[in-house]
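Survey of secondary and tertiary structure
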Amino acid sequence: MPTDGLKTETISGRSVSLRIGVDLGGNDIKFGATNLDASKILVPELVKRPSLTGEGPQKTVAQTVDGIEAVLERLGATWSDVSDISVTVPCPCSPEGVIIEATNIGTPETKQLWQVPFGELLAEAVHEVAGLRLPVFACNDADAAGQDDDFVRFGLDTGRRTSVFVTTGTGLGGCVMINGSVHYGRGQAGELGHVKASIPAQYAARFAVDTNPKCGCTGYQCTETRASLQGLVRRISWAISEEGAAFIQTRLEVRGETLNLAVLETLRELSKEGAKRAAYEVRTFADRDQDPFCRWLLEDWAVMIGVLFASIAPILHPDLFIIGGGLTEMSEKSKDWFIGVVRRVYGEVNAQKSFDLGPGKTEVVWSVSQDQGWRGAILMGMRAHQ
Ligand SMILES: [Zn+2]
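Residues numbered from 1 in each chain as written. Predicted model: local features only at pLDDT ≥ 70, side-chain atom pairs only at ≥ 80, totals over all residues.

**Remarks on the overall build of the protein chain**
What counts is decided by this rule: Here a helix means four or more residues in a row that DSSP labels H or I, a strand means two or more in a row labelled E, and each is numbered from the N terminus. Based on C-alpha atoms, the radius of gyration is set beside the globule rule, defined as 2.2 Å times the residue count to the power 0.38. For every residue, the other C-beta atoms within 10 Å of its own C-beta are counted; 20 or more classify it as buried, 12 or fewer as exposed, and values in between as partly exposed. C-beta atoms are placed from the backbone. Each residue gets a C-beta atom placed from its backbone, and two residues are in contact if those atoms lie within 7 Å.
Check the secondary structure of the protein chain and you find ten helices and twelve strands. Relative to its length of 386 residues, the protein chain is compact, with a C-alpha radius of gyration of 22 Å against a globular reference of 21 Å. The dimensions of the protein chain, computed from C-alpha atoms along their principal axes, are 70 × 50 × 35 Å. The 386 residues of the protein chain split such that 43% are buried. Taking as baseline every contact in the protein chain between residues at least 6 positions apart, the subset at least 24 positions apart corresponds to 65%.

Put into structure tokens, the structure is as follows:
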């Protein structure tokens, strides 16, 4: 069986050989397993289940137990082989694994139900089916994504280093890692999307029609409001209006670029199905076709991430600023363009030589993780249990 030959440890009288990682998302749950030092992925093809988060945590707990049983079946293993279970949730979590706010799961009616220690509920459900008390660790998904990236780069090394990680997507998640471990503070350290980074004067005109955007956190001017899909959804109606398109066209002409009217018309057509529909296509046009209009819009993200990094540098002076999440799926050419803007803006904002970018200094790089937040959770769990 796939677990044959794995190193074992004895915990509470059981001989254990594997760890379970669970990535709980708004739509589905992904399950994976590793050996005890997380160096070997045991289930090459992830097991998935619908997360059913709209109905409150109990249904989701049942789906989670079901998915773990499927993983064990594939491995020819039993609950008794499991050292521990680690779960990522798309919500701010306390260090104890209590979901502080159900931001990206549930419905307006069920959000309150989610403010629970999800790990404890899961541990209780596992106890019922397996008759065992297994340690369950719950953590924030952006933290887990950052932790997995760190593992790909440095393994389990705990040598001196600082990394700042952002994850691009619907929102802008983040984490700070010091010597290979996520820094929690009182729990919410590293919520970088909610840093209110001020816009440098040279970019004021770009955002002049959108000076005080409201964030999902109820605050204003969070970086996330301009560097996320949510931000683009808010921005797109203006961008495709006569006024917005004319403004962007003028900006493009200054650079010697041309607005492609066919792309603008397509976005206007798509927006009839909703702003979200049009916003989704902006990345496709910016990436696949290198369309100047769509790149100008996506540049909002790059500018704000550059400003964010420049604002954080004097606080943490990290070795690495890492960009992960959805934008890592773009072509190499588009990724080079995007990170080039981030680096340029970073340099424009930070005039202090001590914070310069470059090899051996601070670097801005793309994430090298392959979307294995579930493994990141395992790694965080391992550190928490040490
Ligand atoms: Zn916010």
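**Structural notes on helix α1 (residues 57–75)**
The line we're drawing: Under the convention used throughout, the expected extent of a helix is 1.5 Å for every residue step, that is, one less than its residue count. The arc in question is formed by the directions pointing from the helix axis toward the C-beta atoms.
The first and last C-alpha atoms of α1 sit 27 Å apart over 19 residues, in line with the 27 Å expected at 1.5 Å per residue. Inspection of α1 places P57, T60, T64, G67, I68, V71, L72 and L75 among the buried residues, and these make up the whole buried set. Looking straight down α1, one finds that the buried residues subtend no more than 140 degrees of arc, so they occupy a single side. In the core, the buried residues of α1 are packed alongside β3 (18–24), β4 (28–35), β5 (47–50), β6 (82–89) and α2 (118–130).

**Observations concerning the sheet that holds strand β7 (residues 136–140)**
Sheet strands pair by backbone hydrogen bonding; their relative direction is either parallel or antiparallel. The cut-off we apply is this: Think of it this way: DSSP has to see at least two bridges between two strands before they count as a pair. Here an angle of 0 to 180 degrees is reported between the N-to-C directions of two axes, which are lines fitted to C-alpha atoms, with helices fitted over the stretch in contact.
Taking strand neighbours across the sheet as the criterion, the five strands line up as β5-β4-β3-β6-β7 in an open arrangement whose pairing is mixed. Looking at the sheet topology across the chains shown, the edges are occupied by β5 and β7. For this sheet, the mean inter-axis angle between neighbouring strands, taken without regard to orientation, is 20 degrees. Looking at chain direction, β3 and β6 are connected through six bridges and run parallel. Across the sheet, the residue bridging to G21 is S86, located in β6. Strands in contact with helix α3 (residues 141–154) are β3, β6 and β7; relative to β7, the strand with the most contacts, it is inclined by about 95 degrees. Contacts from helix α10 (residues 373–385) reach β3, β4, β6 and β7 within the one sheet, and its direction differs from that of β6 by about 120 degrees.

**Focus on the packing of helix α4 (residues 229–240) against helix α6 (residues 261–271)**
Between two packed helices, the angle of one axis relative to the other and the distance separating the axes together describe the packing. Spelled out, the test is: An angle counts as roughly parallel when it lies under 35 degrees, as roughly antiparallel when it exceeds 145, as roughly perpendicular when it falls between 65 and 115, and as oblique in every other case. Each crossing gets its hand from how the near helix is turned against the far one by less than a right angle, where anticlockwise is left-handed and clockwise is right-handed. Three classes are used, and their members are as follows: Ala, Val, Leu, Ile, Met, Phe, Trp, Tyr, Cys and Pro are nonpolar, Asp, Glu, Lys and Arg are charged, and the others, Gly among them, are polar.
Here α4 crosses α6 at 125 degrees, and the two axes come no closer than 10 Å. Classified by the angle between their axes, α4 and α6 sit oblique to one another. As for the relative orientation of α4 and α6, their crossing is left-handed in sense. Between α4, through I236, S237 and I240, and α6, the contact on the second element is made entirely by L264, L267, R268 and S271. Here the residues of the contact of α4 with α6 are counted per class, giving four nonpolar, two polar and one charged.

**Digging into the confidence of the model for the protein chain**
Defined as follows: Confidence scores here are pLDDT values: one per residue, from the predictor, ranging 0 to 100.
In the predicted model, the protein chain carries a mean pLDDT of 93, and 99% of its residues have values of at least 70. The element-level mean pLDDT for the protein chain is lowest in strand β1 (residues 9–11), coming to 88, with strand β12 (residues 363–366) highest at 98.

**Topic: the nonpolar core**
When a protein is soluble and globular, its nonpolar side chains tend to lie buried together. To be explicit about the condition: Note on definitions: a nonpolar core is a set of buried residues drawn from Ala, Val, Leu, Ile, Met, Phe, Trp, Tyr and Cys, linked by C-beta atoms within 7 Å. All the domain ranges listed were derived from an automatic or database domain assignment.
V22, V71, I85, V87, I305 and F309 are the most contacted members of the largest nonpolar core, which totals 92 residues. In terms of residue count, the dominant contributor to this core is helix α8 (residues 292–316) (16 residues). Looking at which domains feed residues into this core, each of domain 1 (9–134) and domain 2 (148–366) supplies at least three. Discounting residues that sit within four places of it in the chain, I85 has contacts with I20, V22, I68, L122, L134 and V136.

**Regarding the sheet that holds strand β9 (residues 172–178)**
Here we have five strands laid out as an open sheet, ordered β10-β9-β8-β11-β12, and mixed in their pairing. Only two strands of the sheet have a single neighbouring strand rather than two, namely β10 (181–182) and β12. Pairing analysis gives six bridges linking strand β8 (residues 162–168) to strand β11 (residues 320–325), with the strands arranged parallel. Its bridge partner being in β11, S163 is matched across the sheet by L320.

**Notes on unusual backbone geometry**
Positive phi outside glycine occurs at A38, with the angle close to 65 degrees. If you trace the backbone, A38 turns up in the loop between β4 and β5. Accessibility expressed as a C-beta count within 10 Å gives 19 for A38, which makes it partly exposed. Here the phi dihedral of H317 falls at roughly 35 degrees; this positive angle occurs in a residue that is not glycine. A count of 12 C-beta atoms within 10 Å places H317 in the exposed class.

**Quick notes on the environment of D4**
On the secondary structure map, D4 appears in the segment before β1. Since 8 C-beta atoms lie within 10 Å of it, D4 is described here as exposed. Between the C-alpha atoms of D4 and C294, which are 290 residues apart in sequence, the distance is 51 Å.

**Remarks on the domain arrangement of the protein chain**
How big an interface is tends to be stated in terms of accessible area lost as the parts join. Under the domain assignment, the protein chain is made up of domain 1 (9–134) and domain 2 (148–366). Just the C-alpha atoms count here: the centres of domain 1 and domain 2 sit 31 Å apart. Here the side of domain 1 that touches domain 2 is built from residues that sort into three nonpolar, two polar and one charged.

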